[in-house]
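# Structural description and commentary
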Amino acid sequence: MIYIHIPFCKQKCSYCNFHFSTSLNFKDEMLAAMKKEIFLRKEELNSKNLQTLYFGGGTPSILSGDEIKSLIDEVLKYFSFSSDIEVTLEANPDDLDKKFLREISNSPINRLSIGTQSFFDADLRMMNRAHSSSEAESSIKRAQDSGYENISIDLIYGSPTSNFEIWKENLNKSIALEIPHISSYALTVEPKTVLEKWIENGKVSNPKEEELNKEFYYMIDFLKDHEFEHYEISNFAKKGFHSKHNSAYWKYKEYLGIGPSAHSYNGYDVRSWNIANNQQYIKKLNSMLLAKETEILSPKDQFNEMIMIGLRTTWGVDLRSLKEKFSEQVLETFEKDSILKLQEGILVKEDNHLKIPEKHWFMADGIASDLFQV
Ligand code: SF4
């Protein structure tokens, strides 16, 4: 699978600490550099037949349909697409006009992940999103009218401008719009964001743990009642609409990340990440040099990663692959650390998989870190 990071956005959302630039001055140079990176790294994946291609960001929909297609064409020079490939484009509602949708519907893109976040203007203003509540809704309808059925939307809960009733309404709207996949995240206060500053100077209040908890568990019950499967802490899908790309990440498959700040993984013990600086990325690639750093994952890192990722999913951690990969000593410590949690029901074993029951998922990261090798 290949991930392509488009490092541009129209404006900076108040909560965001991803890598992007709001200046499009070097967009053409960036696209040329990314094509060079695709060429230089074409041998890195074992499989030349792609199951998934994902455009994330930043804001991929800031590009024109032709620019996106030119990146796809570059990928197709060196890779083939499996017959059921999933090609996802992250798109912001304000970009999904008829012209753009017409352009991309003539491309292999068959899944849209729309950055809706909320259907309420007060939330969207606080988040400094570039779209309004009416665009949030109309963009989805336009995408559906242009033939896109496989649509995911992002929703954020716990916003200081929201409350439980507003959150319920956000979920109701998603159902009314017949969205088959929802990724939903608690508003997180990341370092060096505008939101962090606002909280420090008292302009807005910190999301309250109790409220987040209530909204999270309401969402689980509500979406289950509407035939969604909760397959990862933040992800819900109707039958047949699970994200193949993200599921492959959570199953430790190899992936290649193209573009500034993109990460790659060989499916075993090597991880790399590109420099999170557009100018330096372009400069390096102009000299046909890669702009990445590489890390060899120690057995401890690999173990901790498998625990962290696996326990956030409905299928859990595969105990057979733990046994195949790690030493008896590591497994003994792990078993000792899990005993109490198994007795308390915070962990369960099913079909050779270790899982956190859904009612404890809100604490999944803490439970996983208790099981880390140190
Ligand atoms: S559009 Fe996405 S990547 Fe860009 S600033 Fe907003 S949240 Fe961050």
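The notes below deal with the structure included here. Computed from a predicted model, the values in this text were never measured in an experiment.

Considering the arrangement of structural elements, one finds F20 in the loop between β1 (2-6) and α1 (27-40). On the accessibility criterion, F20 (15% relative accessible area) is buried. Taking C-alpha positions, F20 is 8.6 Å from P260, a pair spaced 240 residues apart along the chain. If near-sequence neighbours (up to four positions away) are discounted, F20 is found in contact with P7, F8, C9, Q11, K12 and G58.

Quick look at unusual backbone geometry now. Looking along the chain, the bond that leaves G57 and enters G58 is cis, with omega of 25 degrees. Topologically, G58 is positioned in the loop between β2 (49-57) and α2 (65-78). Residue M288 is not a glycine yet carries a positive backbone phi of 55 degrees. Summarising the element assignment, M288 is placed in the loop between α10 (278-286) and β12 (292-296). We classify M288 as partly exposed; its relative accessible area is 38%. The phi dihedral of D351 falls on the positive side, at around 50 degrees, and the residue is not glycine. Among the secondary structure elements, D351 is positioned in the loop between β14 (348-350) and β15 (353-355). We classify D351 as exposed; its relative accessible area is 70%.

Here is what the cut-offs are and how they apply
The residue numbers shown here count from 1 along each chain, following its written sequence. In view of the model being predicted, local features appear only for residues whose pLDDT reaches at least 70, and side-chain atom pairs are presented and counted only at 80 or more, with totals across whole chains, interfaces and linings using the full set of residues. No hydrogens and no water enter the side-chain calculation; it runs on all heavy atoms of the structure. Only DSSP runs of H or I with at least four residues qualify as helices, and only runs of E with at least two residues qualify as strands; both kinds are numbered from the N terminus onward. Three labels apply to residues, based on accessible area from a 1.4 Å probe with only protein chains included: buried if under 20% of the type maximum, exposed if over 50%, partly exposed otherwise in between. Contacts between residues were defined by any pair of non-hydrogen atoms, one from each residue, lying within 4.5 Å.

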